[in-house]
Amino acid sequence: MMLRLEGLSKTYKTGDTALGDVDLSVPKGQIVGLIGPSGAGKSTLIRCINRLVEPTKGKVMLGDVDLAALGKRELRRQRRRIGMIFQEYALVERLTVMENVLSGRLGYVSFWRSFLRRYPGADVQRAYRLLDRVGLIDHADKRADALSGGQRQRVGIARALAQDPELLLVDEPTASLDPKTSRQIMRLLTEICAERDLPAIVNIHDVPLAQQFVQRIVGLRAGRIVFDGSPDQLTQSVLTEIYGAEDWDAMRKDDEDQKSAETEQRARLEAIA
Amino acid sequence: MSEIDHYSQVWTHRTPKTRLMLWAFWAALVALFVWCWQVMTAGTIWAFVWDAPRQAADIGSRMFPPRLSYLPELMGPLWDTINIATLGTIGGVIMAVPVAFAAARNTSPSPAILRPVALFIIVASRSINSLIWALLLVAIIGPGLLAGIVAIALRSIGFVGKLLYEAIEETDRRQIEAIEATGASGAQTLSYGIVPQILPAFWGISVFRWDINIRESTILGLVGAGGIGLKLQASMNTLAWSQVTVILLLILGTVIVSEWVSAKVRQALI
Amino acid sequence: MEGSYPSTWRRPPQILTDRRVRIGLQVGIAIYLVLAIGTLEVDWARVATGMERGQRFVMGFLQPDFVSRWDDILRGLIESLTMTLTSTVLGVALSVPLGIGAARNLAPRPVYYVCRSIIAVSRSLQEIIIAIFLVAMFGFGPFAGFLTLAFATIGFLGKLLADDIEEIDARQAEAVRATGASWGQLVNYAVQPQVMPRLIGLSLYRLDINFRESAVIGIVGAGGIGATLNTAIDRYEYDSAGAILLIIIGVVMIAEYGSSYLRKFLQ
């Protein structure tokens, strides 16, 4: 097992329980889709793993190390092993694409090296190779805010991979992208995980998209795991349990509607052009 | 028309209560004004006030024509004035940066102790005009350029510190979080997550303050802190009003040029 | 495979992309700094003896003496406060017609130019210089200070008000004009509601500035707490000076919190 959560809980100062006693194991190479209504604790769960949010109790075992028990300095060293990809990219907008990718190496280099942008040659090569992998090698010297949404998210992926991670945490990677780009990003993520035998936990609100790309789905409701199984086990009654009563066929239909609307629009644009 | 007869023909903008309060407010303001006026003018010698137009005409007639031959003598003091403003701004900005980081809620190393101290430094520096700082510094370290530079620097801390700490508090939390998640140290998070976000604001604020400082440093000489203000003081003491005109015109020109420069630089930065 | 990618990368320059311009600018700045610091004549012996006085001032600031000059301080403070209030009220009252007159979209051309020049004169002259002239004309005391601050307020508020009026939503003004409204009705119905909240906010802000300035113009004889401060420093009474400075800081803080509270309350 690469990652094992044992009895992970988070209670905020306000008294709200975001996570209650979560147990979860993720083996190497597996992509887990984390679904659930907003406020179910998906974001808190993955932030508790690299302790951007401090868990109240429980264990976070990454290999043999309990991340929840580490001091600050040791935590920073361990964070290098976990790559994170964010909703709305979270790139440093005013830095160049290259600097954003190189920032994935921050945990490995000294402050002065990073301050002067003098990274070791191997790091620079790695960054170029990753940019090539995500198809952005020609954009290395552009500023991050000059890129489109899909391009930015690919830079985000390259930054996470620059860490040479053993685990990927992915927080709503497609929330601000259009349906077509969303699929491209999800495909890229699954390919990369397969290439490197990387485990990943992906927060995702788009259930059909999750079913299409991940091997295992975990449903979260009010901070507790209420479903854990393969995508085809995700029946209407299970979805009702996770999200509460809702017409799921309508949502599937919405998705199809959106797809047909998209093709229609593309046809219209082509007609104009 | 008959069908709307049953609607009220009276319409007022405000409810009677708010109207009453509004009137009370205006009445109180007028009363306060009259009272303040009486207190303030208690010691005024009205004969001087009525004599003012004649004085004005007298000074006006002495101010013209301006004595332009005085201009070359002013170039040295003008250079000093620009140096006071520029070096003072640099010094002030250098001191303001740590204060701003200590005052910003999201970067303060100790919100309980250091943050209130930093906020007090900012308020204190902002409340006291650079001329008062200069007055104090001339008394302490003696007249000259140094007093002027330090005065400008001390006054700039508050201005730059306040605007900068607001910029730091407005940074995008997610970008910083992403840098933290890579395993970066505190200093690295600062240099990759926060500094790039505030850098444009930092340069903008600094140049803006430089522009204001040029303006303020022209008068510091009035209290002995060097620059063109010294000449102004000297000319007025000897009642050489035609020289005063030249000095004022030169100050005006300098201020316009510095405003133009600062606007250009800020444009280039954005 | 690894070898096919470059192993060095340099951040491309972001603002000055021309290498020669960049180097020229850097050299220019370096030369300026050397020259500027070179012309700085500092009498270090004098500074060293001053340090002892500086220490006394810091001590005076930490242990301020409010008592021994209390009568002077109180008189100065009352002068400053009354001066601030009266000058702000008069300044605001005068800046409204001036601001309307300086708005391109409301005033006829000749009026516009006259009003804009009054504003330009008021803004380009520093308070302290205006104060010097007004003291020479009206004699020493708070009356000259009152006039100075009122004049400065006119320039400050008149400019911002005029710019605000010029930026009002033209469609609203058009709609009111279309009803057949007169010029006065136009100002009352289309302009006033749009700029009123900001005028109130700016007036409160100016009240704060005027108090701060009232502490300065006393140095050239225009009354207020600045005169008291000047006397205290001249007499080397640093504990009294510290007390005065703390009072100024205190009043400014109260004014800032008060005005931000008031603005929230009014909106």
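This structure is a prediction, so every number in the text was calculated from the model and none was measured.

Trainee: Before we go on, may I ask you to explain the pattern of salt bridges in this structure?
Mentor: Pairing is possible between side chains of opposite charge, provided their charged atoms come close. By the definition in use, this model includes 33 salt bridges over all chains. Of the charged contacts in the structure, one is a salt bridge between R105 of chain B and E169 of chain B, with a shortest N-O distance of 3.8 Å. You can see R105 of chain B sitting in the loop between helix 3 (75–103) and helix 4 (114–127) and its partner E169 of chain B sitting in helix 6 (residues 145–169), a full 64 residues away along the chain. Relative accessible area serves as the criterion here: at 60%, R105 of chain B is assigned to the exposed category. Its relative accessible area of 28% is what places E169 of chain B among the partly exposed residues. Connected through salt bridges with shared partners, the residues R116, K159, D163 and E166 of chain C form a single ionic network.

Trainee: Honestly, a nonpolar patch on the surface in this entry has me stumped. Any pointers?
Mentor: On the surface, L32, W35 and V39 of chain B together with F66, V67, W70, L74 and I78 of chain C cluster together into a nonpolar patch covering about 730 Å² of accessible area. Listed by contribution, the elements that provide at least two residues to the nonpolar patch are helix 1 (16–40) of chain B together with helix 3 (70–101) of chain C. Within the element layout of this structure, V39 of chain B appears in helix 1. Using a relative accessible area of 31% as the deciding quantity, one classes V39 of chain B as partly exposed.

Trainee: So what exactly am I meant to see when it comes to the layout of surface pockets here?
Mentor: To find leftover empty space, one rolls a probe the size of a water molecule over the atoms. The volume enclosed by the largest pocket comes to roughly 2500 Å³. Along the walls of the largest pocket sit 50 residues, with L199, F202, W203 and L269 of chain B together with I15 of chain C positioned nearest its centre. Those elements giving two or more residues to the lining of the largest pocket turn out to be helix 4 (111–115) of chain A, helix 3, helix 8 (186–217) and helix 10 (241–269) of chain B together with helix 1 (19–38) of chain C. Top element by residues in the lining of the largest pocket is helix 8 of chain B. It accounts for 13 residues. Taken together, the residues of the lining of the largest pocket break down into 37 nonpolar, 6 polar and 7 charged.

Trainee: How do you make sense of the interface of chain B and chain C when you look at a structure like this?
Mentor: Note: interface size is frequently given as the accessible area lost on complex formation between the parts. Every contact between the two is made by 56 residues of chain B and, on the other side, 52 residues of chain C. Taken together, the two surfaces of chain B and chain C that pack against each other cover about 4800 Å², and 80% of this comes from carbon and sulfur. In this assembly, chain B and chain C are joined by 0 salt bridges. Here chain B and chain C share 9 residue pairs in polar contact (both at pLDDT 80 or more) between them. When the residues that make up the side of chain B that touches chain C are grouped by side-chain class, the tally is 44 nonpolar, 9 polar and 3 charged.

Thresholds, definitions, all that
Residues numbered from 1 in each chain as written. Chains lettered and ligands numbered in written order. Predicted model: local features only at pLDDT ≥ 70, side-chain atom pairs only at ≥ 80, totals over all residues. Heavy atoms only, no water. Salt bridge = Lys/Arg side-chain N within 4 Å of Asp/Glu carboxyl O. Helix = DSSP H or I, 4+ residues; strand = E, 2+ residues; numbered from the N terminus. Buried < 20%, exposed > 50% of the residue type's maximum accessible area, 1.4 Å probe, protein only. Patch = residues over 30% accessible without salt bridge, like charges linked within 9 Å, V, L, I, M, F, W, Y side chains within 5 Å. Areas by Shrake-Rupley, 256 points an atom, 1.4 Å probe, with all protein chains shown as cover. 1 Å grid on protein atoms, 1.4 Å probe; cavity = no way out; pocket = protein on both sides within 12 Å on 5 of 7 lines; lining within 4 Å. Points joined across faces, edges and corners; volume = space filled by probe spheres on them. Nonpolar A, V, L, I, M, F, W, Y, C, P; charged D, E, K, R; others polar. Contact = heavy atoms within 4.5 Å. Buried area = accessible area lost by both parts, 1.4 Å probe. Polar contact = N/O pair within 3.5 Å; in protein donor to acceptor, adjacent residues only side chain to side chain.

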